[in-house]
Amino acid sequence: GPGAWVRNASWLALPSVADTESKFVGLHTVWPDANFLALSAAGDYTVDWGDGVVENISSGTSALHEYTYSGISSGTLTSDGYKQVIVTVTPQAGQTLTSLNLNLKHTTTNLQAYASGWLDILISGPDLTSLTISGSTTNVKHSYLQRAQLISDNNIASVVSMFNECASLTNIPNWKFRTTDIVDASAMFYNCYSLVTIPLLDTQNVSNMTSIFFGCASLKTIPLLDTSAVSGMTNMFRSCSSLELVPELDTSNSASMLSMFNACPKLRAVSFANTALVTGMNSMFSGCSSLESVSLPDTRAVTSMNLMFNFCRSLTSVSLPDTRAVTDMSGMFTSCSSLTSVSLPDTGQVTLMSTMFSGCTSLVTVSLFNTENVTTMSSMFLTCSSLITVPLFNTV
């Protein structure tokens, strides 16, 4: 489709790998200055570093390498100023790869955090139980990695932070997981700024999607993922600044939606049929300046809606049929400058309403809702310049 990823024509071709093989191949840059590379695997393994050096390494031991620019053929030079090598990791005779870790920093003294040289990687390993590309600690960031493929069936048990901080990642075709094993996908694509689409991953047993797409600034839509088992959706689409549409995900098991769409300025509409178990919706739509409609028919368990619609400048009306358990509505509609009406059927438990309608410059009238337990109303209607009447709230 338009904007589809095109592999750099000057890159060396990756060798073909069969999905039955136990093998890793990756295209790696070699710059005129420092070029450090570290990786490890389980199963005794062999690394062909692509510069004429081949090493046998024992299982679990880190393989460390430093490239010299002059040692690489000038025939691999690109217009960007780097030369290239293809790194190959294979199991030794009688062995198999059960794990692969690319999230290792070279042990050279005083080496600071750095970006790796990976551009394009392909992994095959039917016996893999562990695959670490990036991770929650990013001493090495795969900042230039554009494509990652996992072509074999496998037994990988975790994808947590799998592509964390992979800022150039654009293409993840052929991404295979034995999905019965994957329950936690938190931060899987954290800060993958360049990712435009994701494949339809089978997520049927995933229970945690916290921050899975946090910072995916180029993502416009997502496929209809199976979220039927997901309880954690905190920060799920936070800072997805290009996201326009989200399918009606199954949110029947979701317990938390804190900041779920925080800072999604292009999001236009959200509809979820069942949110009966959600307890937290703080900042859920904060900064969603294009949001025009929200459908959340069941919010009976929600206790906090603090800053829920903060800066939703396009929202004209909000109807939440059940707010019986909410205690915090502070800042809930701050700077909703197009808001003309609000329906809040039950606010009997709310204690906090400070800045609740602050900056709602189009609000003409508000209904008399229950404020008998409210302890703070400071700046509740600050700069509500169109407000004509305010009902006689209980302020005792």
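Coordinates for the structure precede this section.
Residues numbered from 1 in each chain as written. Predicted model: local features only at pLDDT ≥ 70, side-chain atom pairs only at ≥ 80, totals over all residues. Heavy atoms only, no water.

## Section: the overall build of the chain
In terms of helices and strands, the chain carries zero helices and 16 strands. With the principal axes as the frame, the chain shows a C-alpha extent of 85 × 45 × 40 Å. Looking at the chain residue by residue over its 396 residues, the buried ones come to 50%. Across the chain, every contact between residues at least 6 apart in sequence was considered, and the portion connecting residues at least 24 apart equals 60%. Split by element, the accessible area of the chain, about 15,800 Å² in all, is 50% carbon and sulfur. Distance between charge centres in the chain, computed from 15 positive and 26 negative side chains, equals 6 Å. (Helix = DSSP H or I, 4+ residues; strand = E, 2+ residues; numbered from the N terminus. Buried < 20%, exposed > 50% of the residue type's maximum accessible area, 1.4 Å probe, protein only. Contact = heavy atoms within 4.5 Å. Areas by Shrake-Rupley, 256 points an atom, 1.4 Å probe, with all protein chains shown as cover. Lys, Arg positive; Asp, Glu negative; His and termini not counted. Charge placed at Lys NZ, Arg CZ, Asp CG, Glu CD.)

## Structural notes on the sheet that holds strand β1 (residues 23–30)
As summarised here, the arrangement of the six strands in space is β4-β3-β6-β1-β9-β12, forming an open sheet in which the pairing is mixed. Edge positions in the sheet fall to β4 (54–57) and β12 (147–150), since each of these pairs with one other strand and no more. The average angle at which neighbouring strand axes cross in this sheet is 15°, direction not considered. Relative to β4, strand β3 (residues 45–48) is paired through four bridges, and the arrangement is antiparallel. If you follow T46 over to β4, its bridge partner there is N56. (Pairing = 2+ DSSP bridges. Axes fitted to C-alpha atoms, helices over the stretch in contact; angles between N-to-C directions.)

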